[in-house]
Amino acid sequence: MTATPPLPRLTPESDFYWTGGAAGELRILRCRDCRHYAHPPTPLCRSCGSDDLAPEAVSGRGTVWTFTISYQQLLPSLATPYVVGIVELDEQSDLHVTTRLVDVDPDDVAVGMPVEVRFERHDEVYLPLFAPVAQ
Amino acid sequence: MTAKYEDRVVISGVGRSDIGRRLGRSELDLAVQASRDAIRDSGLSPADIDGIIAWPGETPAPSGFTGPAALRVSDALALGPLTYHGAWTEGASQLAGLMAACHAVASGAARHVLVFRSTCEASGQGGGGRSSAHPVDTGGITGHLQWLRPFGAVSAAHWMALMGTRYVHDYGLRPEQLGWVAVNARAHAGLTPYAVYRDPITIDDYLASRIITSPFRLYDCDVPADAAIAFVISAAETAPDLPNPVGVEAIGAAFDGRPYWDQFRHSTDMAAHAAARHLWSRTDLTLDDVDVANLYDGFSFITLCWLEALGFCGPGEAGSYVEGRHNIRLGAKIPLNTGGGQLSGGRVHAHSLLYESCLQVRGECAERQVPGAEVALTSAGAGPLGGTLLVTKAR
């Protein structure tokens, strides 16, 4: 894929999420007091109220919580069909990230499918995409 | 029921512009046409209007989406001075501006507030098929869209389809159930002279239509339109002197959950439920009293969510409820989306649904009139935002 999709701006709120792929890491903000993960990031922990949060690398593994196979050409940068998914990360039951599911036949994607992260680089930004766990 | 603020307001006038796919007119022009129509309908004169509200106001958005700022419409109508004006870029659903008008009038901050929604989304999407270019892409995406757009989740269709797939997983909803929402809307649009698409479709037409993003087919998605709808909200004490007042029995509003489209815990986890609980807590009326319902149908799946949230059926039962149209057609106990909804009538972001509810309790719906309709239910929004209103025939 040579075309560039719409990309995030790197800001102090979330740059760790978009650049962790340079080190091969998916990084999620986590409370250092109660250890709850906070995504999308918030300045205070929504679980305990602490303001002591920092990004931590997670396993990059999860399961498909839901998905949609998009057939309509809406972006010049993305060939259709493509699969948008919400992945529930293994670390916490409510830790959901939207992503694109790749290296899989769209018709084979299912809710509950185990997946793992891989990164698609666009200069400084590394988009965390997910693919089925290698058997 | 103790006194509530809704008792202090009426919807004194309703208005609409021409509605079509590509009218070649500006959003301001359409807003002014609908607003003049609403003011004329209310029996007031422009000089009586002392407040104006736009939804959503001028914000960065895809071409044709926002419509003009409230003050541009005020300027065009030569209104003023105004004691209250604003735009509701945030709020409990697309009817948040209308709710704010009710709050303003009930509080005494204004006496007659004009509310409008104007859009040229059909023209904005151009002749070359749908485009999803968004101004936020320039310079890098910030805010909630950064979590969606880089992955191709660029349309509300994607965001709701994600919820739809999970609902199918949880409850076994079948396409031949979901499709009846669209078939029903089209049947009623055939009786609505200003609906965008009026030729009937069958469930087989629905099943044969192309998939936009699974599980949504073309007919599950509402129709971008060039259109404007306007209302005048007036102090209740002025109603005896006005020709067409409609009562506001109750307003339910909710922001619930996190302000994202991918952080739901369950497939029925939408603010519609909290908004519905709020609505029913503010009235002695129940669903048994409702004569007609115009529920949000930006996507047909959203209508199923509202049917469950408002108590038409239990969680996971909405597919069975709509199947075959027996419960939702004109002639049923509570006909659904009698003006064709947004699926066939055109997307005016719930304002057209409330417009239809008002006309029904006024008895002005001709061929599609629900006989004796006195109570109409309307809903708006999806995801973390929900708004719902009960309007009544003036007593």
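Quantities reported herein were computed from a predicted structural model and do not represent experimental measurements.

A look at the overall build of chain A
Right, on to step 1. The secondary structure content of chain A amounts to one helix and eight strands.
Right, on to step 2. Taken over C-alpha atoms, the radius of gyration comes to 15 Å for chain A, in line with the 14 Å a tight globule of 135 residues would show.
Right, on to step 3. In terms of overall dimensions, chain A has C-alpha extents of about 45 × 30 × 25 Å along its principal axes.
Right, on to step 4. Across the 135 residues in chain A, those meeting the buried criterion constitute 40%.

Things to note about the sheet that holds strand 8 (residues 246-255) of chain B
Residue and element names in this part refer to chain B.
Right, on to step 1. In spatial order, the strands read 3-2-4-7-1-8-11-10-9; together these nine strands make up an open sheet with mixed pairing. With partners counted over all chains shown, the strands left at the sheet margins are strand 3 (84-87) and strand 9 (292-294), one partner each. Adjacent strand axes in the sheet meet at a mean angle of 25 degrees, parallel and antiparallel pairs treated alike.
Right, on to step 2. Sheet topology note: the strand 2 (residues 51-54)/strand 4 (residues 112-120) ladder contains four bridges and is parallel. When the sheet's bridge partners are listed, Ile 52 is paired in strand 4 with Leu 114.

Quick notes on the sheet that holds strand 3 (residues 53-58) of chain A
Residue and element names in this part refer to chain A.
Right, on to step 1. Spatially, the three strands line up as an open sheet ordered 2-1-3, and their pairing is antiparallel. Whereas interior strands pair on both sides, the edge strands pair on one side only; in this sheet they are strand 2 (37-38) and strand 3.
Right, on to step 2. The pairing of strand 1 (residues 26-31) with strand 2 spans two bridges and is classified as antiparallel. Residue pairing in the sheet places Leu 29 in a bridge with Ala 38 of strand 2.

Structural notes on helix 5 (residues 156-171) of chain B
Right, on to step 1. Over its 16 residues, helix 5 of chain B extends 22 Å from the first C-alpha to the last, a length consistent with the 22 Å expected when each residue adds 1.5 Å.
Right, on to step 2. Summarising burial for helix 5 of chain B: twelve of the 16 residues are buried, a large majority.
Right, on to step 3. Among all positions in helix 5 of chain B, only Ala 157, His 158, Trp 159, Met 160, Ala 161, Leu 162, Met 163, Gly 164, Thr 165, Arg 166, Tyr 167 and Val 168 of chain B are buried.
Right, on to step 4. Each element contacted by the buried residues of helix 5 of chain B is listed here: strand 4 (61-70) and strand 5 (82-89) of chain A together with strand 5 (211-213), strand 6 (216-217) and helix 9 (300-310) of chain B.

Observations concerning the interface of chain B and chain A
Right, on to step 1. Listed per partner, the contact involves 32 residues of chain B and 29 residues of chain A.
Right, on to step 2. Per-element tally for the side of chain B that touches chain A: the top contributor is helix 5 of chain B, with six residues.
Right, on to step 3. In the side of chain B that touches chain A, the residues fall into twelve nonpolar, 13 polar and seven charged.

Some details on the environment of Trp 18 of chain A
Residue and element names in this part refer to chain A.
Right, on to step 1. Take Trp 18: it is sitting in helix 1 (residues 15-19).
Right, on to step 2. Through-space distance from the C-alpha of Trp 18 to that of Arg 61 is 17 Å; in sequence the pair is 43 residues apart.
Right, on to step 3. Apart from residues lying up to four places away in sequence, Trp 18 is in contact with Pro 8, Leu 10, Val 125 and Tyr 126.

Description of the pairing of strand 2 of chain B
All names here are of chain B.
Right, on to step 1. Alternating positions in strand 2 separate into two faces, Gly 51 and Ile 53 on one and Ile 52 and Ala 54 on the other, with burial throughout.
Right, on to step 2. Bridge count between strand 2 and strand 3: four bridges; the pairing is parallel. Each residue of the ladder has a partner; that of Ile 53, found in strand 3, is Gly 86.
Right, on to step 3. Read from strand 2 through helix 2 (residues 70-76) to strand 3, the crossover connection turns out right-handed.

Considerations on the nonpolar core
Right, on to step 1. Ranked by size, the top nonpolar core spans 157 residues in total, and within it Ile 53, Ala 101, Val 113, Leu 114, Val 115, Phe 116 and Ile 233 of chain B carry the most contacts.
Right, on to step 2. Membership of the second largest hydrophobic core comes to five residues, among which are Leu 7, Tyr 17, Val 125 and Tyr 126 of chain A.

Thoughts on unusual backbone geometry
A negative phi holds for most residues other than glycine; trans holds for most peptide bonds.
Right, on to step 1. The amide bond that connects Trp 55 of chain B to the next residue, Pro 56 of chain B, takes the cis arrangement and shows omega of -5 degrees.
Right, on to step 2. Along the chain, the position of Pro 56 of chain B falls in the loop between strand 2 and helix 2.
Right, on to step 3. Pro 81 of chain B follows Gly 80 of chain B through a cis peptide bond whose omega is 0 degrees.
Right, on to step 4. Structurally, Pro 81 of chain B can be placed in the loop between helix 2 and strand 3.
Right, on to step 5. Despite not being glycine, Arg 35 of chain A shows a phi value in the positive range, around 70 degrees.
Right, on to step 6. Position of Arg 35 of chain A relative to the elements: it lies in the loop between strand 1 and strand 2.

Examining helix 8 (residues 271-281) of chain B
Right, on to step 1. For helix 8 of chain B, the full list of buried residues reads Ala 271, Ala 272, His 273, Ala 275, Ala 276, His 278 and Leu 279 of chain B.
Right, on to step 2. Contact partners of the buried residues in helix 8 of chain B: strand 8, helix 9, strand 10 (375-380) and strand 11 (385-393) of chain B.

Digging into the packing of helix 8 of chain B against helix 9 of chain B
Residues and elements named next belong to chain B.
Right, on to step 1. At a closest axis distance of 8 Å, the pairing of helix 8 and helix 9 adopts a crossing angle of 40 degrees. In this view, helix 8 runs oblique relative to helix 9, as classed from their interaxial angle. Helix-helix and strand crossings are classified by hand; for helix 8 and helix 9 the assignment is right-handed. Of the residues in helix 9, those touching helix 8 at Ala 272, His 273 and Ala 276 are Cys 305, Trp 306, Ala 309 and Leu 310.

What to know about the confidence of the model for chain B
Right, on to step 1. With 98% of its residues at a pLDDT of 70 or more, chain B has an overall mean of 95.
Right, on to step 2. The ipTM, which scores confidence in the relative placement of chains, is 0.97 for this predicted complex, and the corresponding pTM is 0.97.

Things to note about the packing of helix 6 (residues 175-189) of chain B against helix 9 of chain B
A pair of packed helices is captured by two measures, namely the crossing angle of their axes and the spacing between those axes.
Residue and element names in this part refer to chain B.
Right, on to step 1. At a closest axis distance of 9 Å, the pairing of helix 6 and helix 9 adopts a crossing angle of 100 degrees. Relative to helix 9, the element helix 6 is oriented roughly perpendicular. Across the interface between the two elements, Leu 178, Val 181 and Ala 182 of helix 6 pack against Ser 300, Phe 301 and Thr 303 of helix 9.
Right, on to step 2. Its residues assigned to classes, the contact of helix 6 with helix 9 shows four nonpolar, two polar and no charged.

Structural notes on the pairing of strand 5 of chain A
Residue and element names in this part refer to chain A.
Right, on to step 1. Strand 5 sits mainly inside the fold: seven of its eight residues count as buried.
Right, on to step 2. Note: strand 4 against strand 5, eight bridges, orientation antiparallel. Bridge pairing links Val 64 to Val 87 in strand 5.
Right, on to step 3. The sheet contact formed by strand 5 and strand 6 (residues 96-101) spans six bridges and is antiparallel. When the sheet's bridge partners are listed, Val 84 is paired in strand 6 with Arg 100.

Rules and cut-offs
- Residues numbered from 1 in each chain as written.
- Chains lettered and ligands numbered in written order.
- Predicted model: local features only at pLDDT ≥ 70, side-chain atom pairs only at ≥ 80, totals over all residues.
- Helix = DSSP H or I, 4+ residues; strand = E, 2+ residues; numbered from the N terminus.
- Rg over C-alpha atoms; globule rule 2.2 N^0.38 Å.
- Buried ≥ 20, exposed ≤ 12 C-beta atoms within 10 Å, placed from the backbone.
- Pairing = 2+ DSSP bridges.
- Axes fitted to C-alpha atoms, helices over the stretch in contact; angles between N-to-C directions.
- Expected span 1.5 Å × (residues − 1).
- Contact = placed C-beta atoms within 7 Å.
- Nonpolar A, V, L, I, M, F, W, Y, C, P; charged D, E, K, R; others polar.
- Right-handed = clockwise from strand over helix to strand, strands pointing away.
- Core = buried A, V, L, I, M, F, W, Y, C linked by C-beta atoms within 7 Å.
- Parallel < 35°, antiparallel > 145°, perpendicular 65-115°, else oblique.
- Left-handed = near helix turned anticlockwise from the far one by under 90°.
- pLDDT = per-residue confidence, 0-100.

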